Amino acid sequence: FFSRNDWTSAAIQSFQIAIAVMVVATTIGTLASLALMRGTFRGKQLLNVLLVSPIIIPNIVVAIAIFGFYSTLRLTGSYIGMVLAHSVFALPFVIIVLTATLRGFDMNLEHAAQNLGASPIRTFRYITLPIIAPGVFAAALFSFIASFEELIIALFIAGAQSRTLPIRMFEGLRLEIDPTIAAVSTMLIVLTVSAFGVAEILRQR
């Protein structure tokens, strides 16, 4: 694996995309979770359903929809297009984890900080975020893994600039008989189990 450029370049590409997706999905998902848990606006339930729908709808349907939308914007085959598409797929994982985390949050802590003169932004930075940080980190891990191992959407919209490791594995299974695929599969299993183990430890905190 480490001696072949086609495998290592695909792995590096997957890491780069997954890290970008982790940042985008975690940021948007945290804000969305706060709005869904604290907000009282109309259509909140509908918004919640729309945000988590990518993990309910079959991946092939999501991939076709994204491909059709990207074709009009000429984003097919681009790095940005891949990051945005994977962010849509990873966002539900962030929202589900953080919604569960926020349900156990004591709102009296925020009220006390604001009664003592803290602004909402300052309250979030020094009170809310440190308390929910384990949940945010766990959600970030989930989004990273969701992006790193995603194949179907990548097959539809990937180009030369966004050829990921799952795509390379898929090609290896179809076009060649090579034991490298077993080594890569083992590494991915170890990575996934380790990430989910860390996420579960943080979630329990």
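That block above? That's the structure.
Note that the structure is predicted; figures quoted are calculated from it, not measured.

Our next topic: the packing of helix 1 (residues 5-38) against helix 6 (residues 120-148). Running from amino to carboxyl end, helix 1 crosses helix 6 at an angle of 135°, the nearest separation of the two axes being 8 Å. When the axes of helix 1 and helix 6 are compared, the pair comes out oblique. Considering how the two elements wind past one another, helix 1 and helix 6 form a crossing that is right-handed. A breakdown of the residues in the contact of helix 1 with helix 6 according to their chemical character gives 14 nonpolar, 6 polar and 1 charged.

The geometry of helix 3 (residues 59-73) relative to helix 4 (residues 79-103) is characterised by a closest axis approach of 11 Å and an angle of 145° between their N-to-C directions. Here helix 3 and helix 4 pass one another in a crossing that is right-handed. The residues of helix 4 that touch helix 3, namely those facing Asn-59, Ile-66 and Tyr-70, are Gly-81, Leu-84, Ala-85 and Phe-89. A breakdown of the residues in the contact of helix 3 with helix 4 according to their chemical character gives 5 nonpolar, 2 polar and no charged.

If you trace the backbone, Thr-128 turns up in helix 6. A polar atom in the side chain of Thr-128 sits 2.4 Å from the side chain of Glu-110.

Next up on the list: the packing of aromatic side chains. For the structure on display, the rule yields 8 aromatic pairs. With centroids separated by 5.0 Å and ring planes inclined at 85°, the aromatic side chains of Phe-1 and Phe-2 adopt a geometry described as edge-to-face. With 5.9 Å between their ring centres and 65° between their planes, Phe-89 and Phe-93 make a pair best called edge-to-face. Remark: Phe-93 and Phe-89 occur in helix 4; sequence separation between them is 4 residues, near one turn of the helix. A relative accessible area of 10% means that Phe-89 is categorised as buried. Among the aromatic side chains, those forming a connected cluster through ring pairs are Phe-1, Phe-2 and Trp-7. One Lys or Arg, Arg-168, reaches over the ring of Trp-7 and ends 4.4 Å from the middle of that ring.

About the cut-offs
Residues numbered from 1 in each chain as written. Predicted model: local features only at pLDDT ≥ 70, side-chain atom pairs only at ≥ 80, totals over all residues. Heavy atoms only, no water. Axes fitted to C-alpha atoms, helices over the stretch in contact; angles between N-to-C directions. Helix = DSSP H or I, 4+ residues; strand = E, 2+ residues; numbered from the N terminus. Parallel < 35°, antiparallel > 145°, perpendicular 65-115°, else oblique. Left-handed = near helix turned anticlockwise from the far one by under 90°. Nonpolar A, V, L, I, M, F, W, Y, C, P; charged D, E, K, R; others polar. Contact = heavy atoms within 4.5 Å. Polar contact = N/O pair within 3.5 Å; in protein donor to acceptor, adjacent residues only side chain to side chain. Phe/Tyr/Trp six-rings, centres within 6.5 Å; stacked < 30°, edge-to-face > 60°. Buried < 20%, exposed > 50% of the residue type's maximum accessible area, 1.4 Å probe, protein only. Lys NZ or Arg CZ within 6 Å of the ring centre and 35° of its normal.

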